[in-house]
Amino acid sequence: MTRNPYIYIFTAWFVSYLIRVLPLTFIRKPIKNTFIRSFLHYVPYVTLAVMTFPAIVEATQIPLAGTIALIIGIVLAWFGAGLFPVACACCAVVFAVEFFMM
């Protein structure tokens, strides 16, 4: 039994289209509710975090190395370090942990 791949492509397109079009058709007025506005403001950040944090832990040979690097990166960023120093420190932490654990 062969399946037609165009059915899957059409289904994916249709679902994506509905997600984008339905809010435009049903919500005509500006949103004034502060809770909903706040919720919609944080959706992109939450989505990015949900995709990024598991990848940080699972991208390394040893998940513990990714976890330690994530914690170090959060601490460095909390104390005001820039993106490049945080990235370099996290890479160094992963390298060191994997070097000494293997």
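Residues numbered from 1 in each chain as written. Predicted model: local features only at pLDDT ≥ 70, side-chain atom pairs only at ≥ 80, totals over all residues. Heavy atoms only, no water.

Colleague: Could you clarify how one ought to interpret the overall build of the chain in this entry?
Modeller: Looking only at helices and strands, the chain features four helices and zero strands. In sequence order, the secondary structure elements of the chain are arranged as α-α-α-α. Along the first, second and third principal axes, the C-alpha set of the chain runs to 55 × 55 × 20 Å. Taking all 102 residues of the chain together, the buried fraction comes to 14%. A sequence separation of at least 24 residues applies to 48% of the contacts in the chain between residues at least 6 apart. Roughly 8900 Å² of accessible area belongs to the chain as shown, and the carbon and sulfur atoms make up 76% of that amount. (Helix = DSSP H or I, 4+ residues; strand = E, 2+ residues; numbered from the N terminus. Buried < 20%, exposed > 50% of the residue type's maximum accessible area, 1.4 Å probe, protein only. Contact = heavy atoms within 4.5 Å. Areas by Shrake-Rupley, 256 points an atom, 1.4 Å probe, with all protein chains shown as cover.)

Colleague: What should I look at first to understand the packing of aromatic side chains in this one?
Modeller: Aromatic ring pairs are described here by two measures, namely the spacing of the ring centres and the angle between the planes. Tallied over the entire structure, the rule returns six aromatic pairs. Ring geometry for W13 and Y17: centres 5.3 Å apart, planes at 20°, overall stacked. With a gap of four residues between them, W13 and Y17 both fall in helix 1 (residues 5-26), about one helical turn apart. Feature note: the residues F10, W13, F14 and Y17 constitute an aromatic cluster, connected by ring pairs. (Phe/Tyr/Trp six-rings, centres within 6.5 Å; stacked < 30°, edge-to-face > 60°.)

Colleague: What is the right way to look at helix 2 (residues 34-58) in this model?
Modeller: The periodicity of an α-helix, 3.6 residues per turn, causes residues three or four places apart in sequence to face the same way. Between its first and last C-alpha atoms helix 2 spans 37 Å; for 25 residues at 1.5 Å apiece the expected length is 36 Å, and the two agree. At V43, helix 2 is deflected by roughly 35°, the largest bend along its length, and proline P44 occurs up to four residues later in sequence. Capping of helix 2 at its N-terminal end is provided by N33; its side-chain oxygen lies 3.0 Å from the backbone amide nitrogen of F35. (Expected span 1.5 Å × (residues − 1). Bend = angle between axes of the 7 residues up to and from the residue. Polar contact = N/O pair within 3.5 Å; in protein donor to acceptor, adjacent residues only side chain to side chain.)

Colleague: What am I meant to see in the nonpolar core here?
Modeller: Where a protein is soluble and globular, its nonpolar side chains tend to be buried together. Counting residues in each nonpolar core, the largest one holds eight residues, listed as I62, A65, A69, V86, C90, V93, V94 and V97. Looking at this core, the elements that each hand over two or more residues are helix 3 (63-78) and helix 4 (83-101). Beyond its immediate stretch of four places on either side in the chain, A69 contacts C90, V93 and V94. (Core = buried A, V, L, I, M, F, W, Y, C linked by side-chain atoms within 4.5 Å.)

Colleague: Can you walk me through the packing of helix 2 against helix 3 in this structure?
Modeller: In a packed pair of helices, the relevant descriptors are the angle between the two axes and the axis-to-axis distance. Between helix 2 and helix 3, whose axes approach to 6 Å, the crossing angle comes to 130°. Relative to helix 3, the element helix 2 lies oblique. Here helix 2 contributes F53, I56 and V57 to the contact with helix 3, which in turn contributes P63, G66, T67 and L70. In terms of residue class, the contact of helix 2 with helix 3 is built from five nonpolar, two polar and no charged. (Axes fitted to C-alpha atoms, helices over the stretch in contact; angles between N-to-C directions. Parallel < 35°, antiparallel > 145°, perpendicular 65-115°, else oblique. Nonpolar A, V, L, I, M, F, W, Y, C, P; charged D, E, K, R; others polar.)

Colleague: Mind showing me how you'd approach a nonpolar patch on the surface here?
Modeller: There is a patch of nonpolar side chains on the surface, built from F10, W13, F14, V15, Y17, L18, I19, L22, F26 and I27 and spanning about 1000 Å² of accessible area. What makes W13 partly exposed here is its relative accessible area of 47%. (Patch = residues over 30% accessible without salt bridge, like charges linked within 9 Å, V, L, I, M, F, W, Y side chains within 5 Å. Salt bridge = Lys/Arg side-chain N within 4 Å of Asp/Glu carboxyl O.)

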